[in-house]
Every structure is written in structure tokens, then in C-alpha cells.
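Close look at the chain arrangement
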Amino acid sequence: LDQGGKFRQEIIGGDARALLSLYEASYLSVPGETLLDEAKSFARRHLQSIIAAADDKVIGPMLANQVKRTLELPSHWRLQRSQVRWHIEQYCNQYSEEIMDPALLRFAMLDYNTVQFLYQSELDELNRYNSSILISLTESQKSKREN
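Reading guide: rules and limits
Residues numbered from 1 in each chain as written. Predicted model: local features only at pLDDT ≥ 70, side-chain atom pairs only at ≥ 80, totals over all residues. Heavy atoms only, no water. Core = buried A, V, L, I, M, F, W, Y, C linked by side-chain atoms within 4.5 Å. Buried < 20%, exposed > 50% of the residue type's maximum accessible area, 1.4 Å probe, protein only. Helix = DSSP H or I, 4+ residues; strand = E, 2+ residues; numbered from the N terminus. Contact = heavy atoms within 4.5 Å. Axes fitted to C-alpha atoms, helices over the stretch in contact; angles between N-to-C directions. Parallel < 35°, antiparallel > 145°, perpendicular 65-115°, else oblique. Left-handed = near helix turned anticlockwise from the far one by under 90°. Nonpolar A, V, L, I, M, F, W, Y, C, P; charged D, E, K, R; others polar. pLDDT = per-residue confidence, 0-100. Phe/Tyr/Trp six-rings, centres within 6.5 Å; stacked < 30°, edge-to-face > 60°. Salt bridge = Lys/Arg side-chain N within 4 Å of Asp/Glu carboxyl O. Patch = residues over 30% accessible without salt bridge, like charges linked within 9 Å, V, L, I, M, F, W, Y side chains within 5 Å. Areas by Shrake-Rupley, 256 points an atom, 1.4 Å probe, with all protein chains shown as cover.

Turning our eyes to something else, we now look at the nonpolar core. Ranked by size, the top nonpolar core spans 17 residues in total, and within it L19, Y23, L47, I59, L63 and V67 carry the most contacts. Considering each element in turn, this core owes the most residues, 6 residues, to helix α3 (residues 34-52). Contact partners of Y23, with chain neighbours within four places excluded, come to K40, A43, R44, L47, T70 and L71.

Set out below in C-alpha cells:
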């Protein structure tokens, strides 16, 4: 911050990762925190200008995609599992096979698929439970009508 309490561009120097972190953190403000509101508008403005002048050599395609995605909706407002899926896809799309770590990719995909299977199993269990409740309710209603 400068003497007037305003954010200075030269401190961040166009560092997209620092701006992205500042932008994400600014969403954790509470109403009336003007400093974080100013940080949000400062970071958004500078991130948009970095993306507008996007040169893949400056920030790289993966970071550029992350900045665009975060400007649409901050990461902590998204579903965590969809974030994991997006990062796996970005890793596959952005790195060549000689740079990519196949063990890391396999582990990430295994983790993602295992958790998805767990969620699916829990949903199946809930559906069975709800079905049994629905059946018992309809049976109790039928017995009340007969009485």
C-alpha cells in the first residue's frame, strides 16, 4: 500500500500468481472491509489486463486458464470435486508425456474415481433407504384407509 492506502502496481509487478492469490483472498472479506474490497477490484483489474495481453510465454497456458476460471468464479466457491476433475484435465492437456509424471496422474485419477465411487455408493444407499421409507408410508396409509 502507498501513503494514501492504495495498492501499488510495482509491488506486485504483474505477478499473476500473487494477484490471483490476492483476488482469491479478497473473497474471504466480511461486509464493511473496504481494504479487501479494494484488493478485489485491484486484483481483478490487473488480472484482466494480464489475460487481455495474454502471451503464453509470460504466464503460461495453464495459469492463464486458471486465472480465467477464477475470474468467472473463485475457487473456494466451486465444488471441490469438480475442481479436482478440472485440474486433472488441465494437467493432461498442458503437459507432454515426457514432462508429465504418469504416477502422479494415475494416483490423481484413482483418487478421483475412488471418491466418485464412494459418492455413488452413498447415493444408492440413500435411494434404497428412501424407497423403504416410501413403501412403509404407503403401506401405513393403506392400512389407515382400510380402518
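The next point concerns the packing of α3 against helix α5 (residues 61-72). Two elements in contact, α3 and α5, have axes separated by 10 Å at closest approach and are oriented at 135°. Accordingly, the angle class assigned to the pair α3 and α5 is oblique. Between α3 and α5 lies a crossing of left-handed hand. Here α3 contributes R44, L47, Q48 and I51 to the contact with α5, which in turn contributes A64, V67, K68 and L71. Split by residue class, the contact of α3 with α5 holds 5 nonpolar, 1 polar and 2 charged.

Residues at a pLDDT of 70 or more form 80% of the protein, whose mean pLDDT is 79. Confidence scores differ between elements of the protein, with helix α1 (residues 9-12) showing the lowest mean pLDDT of 62 and helix α2 (residues 16-26) the highest of 87.

Let us now look at the packing of aromatic side chains. In the structure shown here, the tally under the stated rule is 2 aromatic pairs. With 5.2 Å between their ring centres and 75° between their planes, Y23 and Y27 make a pair best called edge-to-face. Under the relative-accessibility criterion, Y27 is labelled buried at 18%.

What follows deals with the side chain of T70. On the secondary structure map, T70 appears in helix α5. With a relative accessible area of 2%, T70 lands in the buried category. When near neighbours in sequence (up to four residues on either side) are disregarded, T70 contacts L20, Y23, E24 and S75.

Two numbers describe how α2 lies on α5: the axes approach to 11 Å, and their chain directions differ by 20°. The angle between α2 and α5 places the two elements in the roughly parallel class. Relative to α5, the crossing made by α2 is left-handed. Contacts between α2 and α5 pair A16, R17, L20, Y23 and E24 from the former with L63, Q66, V67, T70 and L71 from the latter.

Scanning the model with the defined rule gives 2 salt bridges in all. Residue E89 pairs with R85 through a salt bridge whose shortest N-O separation is 3.0 Å. Taken together, the residues E89 and R85, both in helix α6 (residues 80-94) and 4 residues apart, mark about one turn of the helix. For E89, a relative accessible area of 36% corresponds to the partly exposed category. Its relative accessible area of 41% is what places R85 among the partly exposed residues. Between E125 and R128 there is a salt bridge, and its shortest N-O distance comes to 2.9 Å. Of this pair, E125 and R128 both sit in helix α7 (residues 102-146), 3 residues apart, which is roughly one turn of that helix.

This paragraph deals with a nonpolar patch on the surface. Residues Y129, I133 and L137 make up a contiguous nonpolar surface patch of roughly 290 Å² in combined accessible area. Within the element layout of this structure, I133 appears in helix α7. I133 sits in the partly exposed class, given a relative accessible area of 31%.

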